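# Understanding the architecture of this molecule
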Amino acid sequence: MKIAIIGSRGLPVVYGGIERHVEEIGRRFVERGHDVTVFGRKPFSRNGTFNGIEVRVLPSIQTKNLDTASNALAASIRVLFNAFDVVHYHGIGPSIFSWIPSVLGKKTVATIHAQDYRQRKWGVFAKALLKQGERTAVKYCNATISVSKLMAGQLEDKYGKHVHYIPNGATLLDVPRFDRAANLGIEPGRYILTVGRFIVERGFHTLIRAFGEVDTADKLVIVGDTNFDPAYSAELRRLANDRVLFPGYISGPVLNELYAHCNVYVLPSTVEGLPISLIEAMSFSRPVIISDIPENL
């Protein structure tokens, strides 16, 4: 079977949860004998093969509102000219275009990772489009998946159609040596860790303020950054003292080292689906402090 995956920034993972999810399911599809193509975009990926997955880079309009949507539209048109059996959309934004391959009889699947219109960064028009993408994903795709049991129930009640619950997960790994992560200027067991995109809903500003009131020699390591909200990124750095580190995007073995050896993992977010970073930290048996939103609990 030939499978096209649309909605991620591409592979290998350098950015976020959807990309991590796509890498894991794509690799497993390949292991089962399927041909998998992931459509990505610059500067996150390049044409080639990764873990047996074909990666195709298509153009995008690199602005906050149009980057993902324009790339998903280009990919949705491209799959019309290829013999894909299944087109798998990730995210409610890209799913708004899932009707395009459907008109030619291609099977479509949508995975809903979060209700993105709940994020404050989107304006009225963008939120309306995201809500339409959610509706399209549930009402018109051949199958719809939610990574959150809570969200799956909400979507079923809202649209009157079955939504498959398939949660995010983590591969259980042996605890790695604290090797390359030491280059960040931290010691094992002497830092607090959080991972995520720099958006207001992650609550990193709240975390930095709270950390500033704690008398500890531990450092706070905030892994991630932003593409289209430099003002919030600058605000975080303004709030931080010299015990707060911003190493940027980190993935792969170094991120596993950070998870495995942190004193505690913190996730202060106000909006989530089912956060992969939290699950990966817990997979290394690390204690966690989380905001008490239903998705985290």
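A short tour of the structure in this document, coming up.

### Let's talk about the overall build of the chain
Tallying secondary structure elements over the chain gives nine helices and 13 strands in all. Taken over the C-alpha atoms alone, the chain extends approximately 60 × 40 × 35 Å along its principal axes. Out of the 297 residues belonging to the chain, those deemed buried represent 52%. Contacts in the chain between residues at least 24 apart in sequence constitute 64% of all its contacts with a sequence separation of at least 6.

### So, the packing of aromatic side chains
Counting across every chain of the model gives five aromatic pairs. On the basis of an interplanar angle of 35° and a centroid distance of 6.1 Å, the ring pair of Phe178 and Tyr191 is categorised as tilted. Taken together, the positions of Phe178 in the loop between β8 (164-165) and β9 (191-195) and Tyr191 in strand β9 put the pair 13 residues apart, joining distant regions of the chain. Like Tyr191, Phe178 is buried. Aromatic side chains Tyr259 and Tyr265 sit 6.0 Å apart centroid to centroid with 55° between the ring planes, which places their arrangement in the tilted category. Of the two residues examined, Tyr259 and Tyr265, each falls in the buried class.

### Observations concerning the pattern of salt bridges
With the rule as written, the count across this model stands at 16 salt bridges. Here Glu280 makes a salt bridge to Arg20, at a shortest N to O gap of 2.8 Å. Of this pair, Glu280 sits in helix α9 (residues 276-283) while Arg20 sits in helix α1 (residues 17-31); the two residues are 260 residues apart in sequence, bridging distant segments of the chain. Accessibility expressed as a relative area gives 10% for Glu280, which makes it buried. Ionic pairing is found between Asp67 and Arg41, a salt bridge with its closest N-O pair at 3.0 Å. Separated by 26 residues along the polypeptide, Asp67 in helix α2 (residues 67-78) and Arg41 in the loop between β2 (35-40) and β3 (48-50) bring together distant segments of the chain. The class of Asp67 is buried, set by a relative accessible area of 3%. Through salt bridges with shared partners, a single network forms among Arg20, Glu23, Glu24, Arg27, Arg28, Glu31 and Glu280.

### Some remarks on a nonpolar patch on the surface
Taken together, the side chains of Leu73, Ile77 and Phe81 make up a nonpolar region of the molecular surface, amounting to roughly 310 Å² of accessible area. Inspection of the secondary structure assignment puts Leu73 in helix α2.

### Thoughts on the sheet that holds strand β10 (residues 219-223)
Reading across the sheet, the five strands line up as β11-β10-β9-β12-β13 and stay open at both edges, with parallel pairing between neighbours. Only two strands of the sheet have a single neighbouring strand rather than two, namely β11 (244-248) and β13 (288-290). Strand-to-strand, the axes of this sheet are offset by a mean angle of 25°, without reference to chain direction. With five bridges connecting them, β9 and β10 associate as parallel partners. Within β10, the position partnered with Leu193 by the bridge is Val221. The sheet contacts of helix α8 (residues 252-261) involve β9, β10 and β12 (264-267), and relative to β9 the element is tilted by about 130°. Relative to the sheet, α9 contacts β9, β12 and β13, its axis offset from that of β12 by approximately 165°.

About the thresholds
Residue numbers here run from 1 along each chain, matching the order of that chain's written sequence. Given that the model is predicted, a residue must reach a pLDDT of at least 70 before its local features are reported, and side-chain atom pairs must reach 80 or more before they are shown or counted; all residues, however, enter totals for whole chains, interfaces and linings. As a convention, hydrogens and water are excluded, and side-chain values are obtained from all of the structure's heavy atoms. For the purposes of this entry, the term helix denotes a DSSP run of H or I that reaches at least four residues, the term strand denotes a run of E that reaches at least two, and both are numbered from the N terminus. Only protein chains enter the accessibility calculation, which uses a 1.4 Å probe; a residue whose area is less than 20% of its type maximum is buried, one above 50% is exposed, and one in between is partly exposed. In this description, contact between two residues means that some pair of their heavy atoms is separated by no more than 4.5 Å. Centres within 6.5 Å are what make two rings of Phe, Tyr or Trp a pair, Trp counting through its six-membered ring; a difference in plane orientation under 30 degrees is then read as stacked, over 60 as edge-to-face, and the rest as tilted. Salt bridge, as applied in this entry: a Lys or Arg side-chain nitrogen positioned within 4 Å of an Asp or Glu carboxyl oxygen. Patch definition: residues above 30% relative accessible area lacking any salt bridge, with like charges linked at up to 9 Å and the nonpolar side chains Val, Leu, Ile, Met, Phe, Trp and Tyr linked at up to 5 Å. Only the protein chains shown count as cover for residues, and the accessible areas themselves come from Shrake-Rupley with a 1.4 Å probe. When DSSP finds two or more bridges between two strands, those strands count as paired. Interaxial angles span 0 to 180 degrees and are taken between N-to-C directions of axes, which are lines fitted to C-alpha atoms, for helices over the stretch in contact.

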